[in-house]
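# Report on the structure
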Amino acid sequence: MSNVPVAVVTGSNKGIGLAIVRALCKQFPGDVYLTSRDPGRGQAAVAQLQQEGLRPLFHQLDIDDLQSIRALRDFLKEKYGGLNVLVNNAGIAFKVQDTTPFAIQAEVTLKTNFFGTRNVCTELLPLMKPYGRVVNVSSMVSSSALGGCSQELQQKFRSDAITEEELVQLMTKFVEDTKKGIHQKEGWPNTAYGVSKIGVTVLSRIQARLLNEQRKGEHILLNACCPGWVRTDMAGPKATKSPEEGAETPVYLALLPSTADAPHGQFVSNKTVKPW
Ligand code: NAP
């Protein structure tokens, strides 16, 4: 078993994820795994970084596929005996002009952004080594979508006592409410992406609390963040930040020094803790 520290970035064959891998290859003292659901796209991205003189490693990972997540988990357990840095970056968003029915957009978006990310956490968080760092890439849109929720929902999503099961029930209810055409009547904002990212931010707050309760003394820090508005296939060419600039806050959180005890359980944007 290798004693080398290991970092994994989900959805890193392009966009912000690729920029995070590039930065970690330069700054993280260990093995950095570029992962992709499509091995061809992943290997092409690895080759691109190799051209730059960097040495990322590759592992397949489709966060929609529990078998794929578990294969990565078993690989990490066997080769490294755990994991030091996990960046949950993989995500999807329908384009504004997409005509796919809203209920389908809700189901598909929540499946990857919330349920997929949660499944990765369920399988990989138990592997986190002491002083591990976990970064869940959410979005400022989670804050604006929270503001668009009913008072009752806002209270639940801001609660310091909400459980993972309750959060899963709420995310499931959103998808069901869109199918019945009653989501706005039920207090939800009209954004599937926004609700999925509320899920990611609240999940992070819950997970950080559980780490405090169950693994106190292991110094693991877990946060949600917004990368900013970044020029990628998702956000388009008019966005204000380059992928490298978008990677700055996730990389900052992934490389918090071993002496740090904060931020933890926070929503971070531009390397600054934001109120939730
Ligand atoms: P992007 O260029 O579209 O890249 C998304 C990455 O996620 C791709 O590598 C994609 O792989 C991967 N992915 C999607 N579904 C996956 C799955 N089921 N399993 C594994 N990988 C999957 O988007 P981006 O702008 O870099 O976004 C990265 C993260 O930042 C996302 O979570 C996004 O919500 C968040 N974010 C972005 C912005 C922005 O302005 N760009 C702002 C706020 C937050 P494929 O190539 O196979 O599709």
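Anyway, here's the lowdown on the structure attached to this text. (Residues numbered from 1 in each chain as written. Predicted model: local features only at pLDDT ≥ 70, side-chain atom pairs only at ≥ 80, totals over all residues. Heavy atoms only, no water.)

### A word on the site of the ligand
Around the ligand sit 29 residues in total, of which Arg37, Asn89, Tyr193, Val230 and Thr232 are the nearest. A distance of 3.0 Å is found between an oxygen atom of the ligand and a side-chain nitrogen or oxygen belonging to lysine 197. A distance of 2.8 Å separates an oxygen atom of the ligand from a polar backbone atom of valine 230. Considering the ligand on its own, with 890 Å² of exposed area, one finds that the protein chains cover 94% of that surface. Contributing elements (two or more residues each) for the shell around the ligand: α1 (15-27) and α8 (192-214). (Near = heavy atom within 4 Å. Polar contact = N/O pair within 3.5 Å; in protein donor to acceptor, adjacent residues only side chain to side chain. Areas by Shrake-Rupley, 256 points an atom, 1.4 Å probe, with all protein chains shown as cover. Helix = DSSP H or I, 4+ residues; strand = E, 2+ residues; numbered from the N terminus.)

### Here's the deal with helix α4 (residues 102-124)
If you check α4, its first and last C-alpha atoms are 31 Å apart, about what 23 residues at 1.5 Å a residue would give, namely 33 Å. The largest bend in α4 comes to about 40°, at lysine 111. (Expected span 1.5 Å × (residues − 1). Bend = angle between axes of the 7 residues up to and from the residue.)

### Observations concerning helix α7 (residues 164-180)
With 17 residues, α7 extends 24 Å from end C-alpha to end C-alpha; this agrees with the ideal 24 Å at 1.5 Å per step. If you check which residues of α7 are buried, you get Glu164, Leu167, Val168, Leu170, Met171, Phe174, Val175, Asp177 and Thr178. (Buried < 20%, exposed > 50% of the residue type's maximum accessible area, 1.4 Å probe, protein only.)

### Quick look at the nonpolar core
Counting 31 residues, the largest nonpolar core has Ile20, Val21, Leu24, Leu34 and Val87 as the members making the most contacts within it. Ranked by residue count, the leading element in this core is α1, at eight residues. Excluding anything up to four places from it in sequence, leucine 24 contacts Ala7, Val9, Val32, Val251, Ala254 and Leu255. (Core = buried A, V, L, I, M, F, W, Y, C linked by side-chain atoms within 4.5 Å. Contact = heavy atoms within 4.5 Å.)

### Some points on the pattern of salt bridges
Inspection of every chain in the model, using the stated rule, returns 14 salt bridges. Close ionic contact of glutamate 52 with arginine 22 constitutes a salt bridge, the shortest N to O distance being 2.7 Å. Highlighted residues: glutamate 52 in the loop between α2 (39-51) and β3 (57-60) and arginine 22 in helix α1, separated in sequence by 30 residues. For glutamate 52, a relative accessible area of 39% translates into the label partly exposed. The exposure class assigned to arginine 22 is buried, which follows from its relative accessible area of 13%. Of the charged contacts, one joins lysine 173 and aspartate 177 as a salt bridge, the two residues approaching to 2.7 Å between their closest N and O atoms. Of the two residues, lysine 173 and aspartate 177 are both situated in helix α7; the distance of four residues between them amounts to about one turn of the helix. (Salt bridge = Lys/Arg side-chain N within 4 Å of Asp/Glu carboxyl O.)

Take it as geometry only, folks, not as evidence of what the structure does.
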